[in-house]
Amino acid sequence: MGKSAVTLKIGILGSGSGSNMVSIVDAIERGKLNAEVKVVLSDVRDAKILERAQQHRIPCQWIDCAPYRTKLDDQAEQRCVQILNAYEVDTVVLAGFMRIIKPGLLQAFPERIINIHPALLPAFPGIQAWKQALDYGAKLAGCTVHFVDQGTDTGPIIIQRSVPILPDDTYETLHARIQVEEHIAYPEALRLLAAGRLRINDRKVEILKESRGAP
Ligand code: GRF
């Protein structure tokens, strides 16, 4: 961490629609992010993220995680690590991946697994955070990009972006407003990582100043 600029070799894990994956791919294609998406993996056989990966000609695979619904069992975890290594991935990006990451995967990619969460952590960890924020009566919501540790949504925070919660918001309108910010925040966090500008000090992420001549 905190070294010079590199081309990130990204592996993406997702369970849903893949809009964050698309925002990352778009940033790469527009020359805004020095990275390559090597492979996309999903625990959901018919997830839209796999379809979207195919449209972008990115290798993708379904990982059978049965019989568990929220866990990545040892076998599925090993399979993920094998595939990510085979594609020489150095950065694992969780984009709506609905399973808990266990020590096996964490140890295979120390300080190289990143997640996006649809709330301003540490408020509202866990599932459907935008619903939690609306039901709670919060006035601000947002998203957080963070390094992944052993906890649920507890790792060192890289970037946060906020949005207002409006009086007539529904779950859908609020989530849509948060997603607009997610699609800015995720490529930006990865850009900082690729530029070697992130350093973790005692769980705080320091964003180093841009060095002259950097991309
Ligand atoms: C996002 O809201 C993200 O914050 C959460 O899951 C959702 C994934 O959306 N972790 P998408 O599949 O990237 O569209």
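Keep in mind that what you see is a predicted model, and the values were worked out from it rather than measured.

S.K.: Now, about the side chain of Ser15: what can you tell me, with residues and values included?
M.R.: With respect to the element layout, Ser15 can be found in the loop between strand E1 (8-14) and helix H1 (19-29). For Ser15, the side chain forms a polar contact with the main-chain nitrogen of Met98, separated by 2.9 Å.

S.K.: Quick rundown of the environment of Ile207? Include the residues and the values.
M.R.: Secondary-structure assignment places Ile207 in strand E9 (residues 204-207). Each C-alpha atom, one on Ile207 and one on Leu193, is 9.3 Å from the other, the two residues being 14 residues apart in sequence. Once residues within four sequence positions are removed from consideration, Ile207 is found in contact with Ile158, Leu192, Arg197 and Leu198.

S.K.: Which residues make up the state of the cysteines, and what are the values?
M.R.: What the rule picks out here adds up to 0 disulfides. Cysteine Cys60 remains unbridged, with the sulfur of Cys80 as its closest cysteine sulfur at 14 Å. Not engaged in a disulfide, the cysteine Cys65 finds its nearest cysteine sulfur in Cys80; these two sulfurs lie 6.3 Å apart.

S.K.: How would you summarise the packing of H1 against helix H6 (residues 171-194) if you had to cite specific residues and measurements?
M.R.: Where H1 contacts H6, the axes come no closer than 9 Å and their chain directions differ by 50°. One way to sum up the angle between H1 and H6 is to call them oblique. When the axes of H1 and H6 are compared, the crossing they make is right-handed. Contact residues: Ser19, Asn20, Ser23, Ile24 and Ala27 in H1; Gln179, Glu182, His183, Tyr186, Pro187 and Leu190 in H6. Along the lines of polarity and charge, the residues of the contact of H1 with H6 split into 5 nonpolar, 5 polar and 1 charged.

S.K.: Could you give an account of the domain arrangement of the protein chain, with specific residues and numbers?
M.R.: A common measure of how large an interface is: the accessible area buried when the components associate. Partitioning the protein chain into structural domains gives domain 1 (7-110) and domain 2 (115-207). Summarising the inter-unit geometry, the C-alpha centres of domain 1 and domain 2 are found 19 Å apart. Facing the 17 residues of domain 1 at the interface are 15 residues of domain 2. Buried area between domain 1 and domain 2, summed over both chains or domains, comes out near 1300 Å², and the portion from carbon and sulfur atoms is 69%. On the domain 1 side of the interface with domain 2, the three residues burying the most area are Asn20, Leu94 and Leu106, jointly 33% of the side's total. On the surface where domain 1 and domain 2 come into contact, there are 0 salt bridges. There are 4 residue pairs in polar contact (both at pLDDT 80 or more) connecting domain 1 and domain 2. Elements with a contribution of two residues or more to the side of domain 1 that touches domain 2: E1, H1 and strand E4 (91-94).

What counts as what
Residues numbered from 1 in each chain as written. Predicted model: local features only at pLDDT ≥ 70, side-chain atom pairs only at ≥ 80, totals over all residues. Heavy atoms only, no water. Helix = DSSP H or I, 4+ residues; strand = E, 2+ residues; numbered from the N terminus. Polar contact = N/O pair within 3.5 Å; in protein donor to acceptor, adjacent residues only side chain to side chain. Contact = heavy atoms within 4.5 Å. Disulfide = S-S within 2.5 Å. Axes fitted to C-alpha atoms, helices over the stretch in contact; angles between N-to-C directions. Parallel < 35°, antiparallel > 145°, perpendicular 65-115°, else oblique. Left-handed = near helix turned anticlockwise from the far one by under 90°. Nonpolar A, V, L, I, M, F, W, Y, C, P; charged D, E, K, R; others polar. Domains from an automatic or database assignment. Buried area = accessible area lost by both parts, 1.4 Å probe. Salt bridge = Lys/Arg side-chain N within 4 Å of Asp/Glu carboxyl O.

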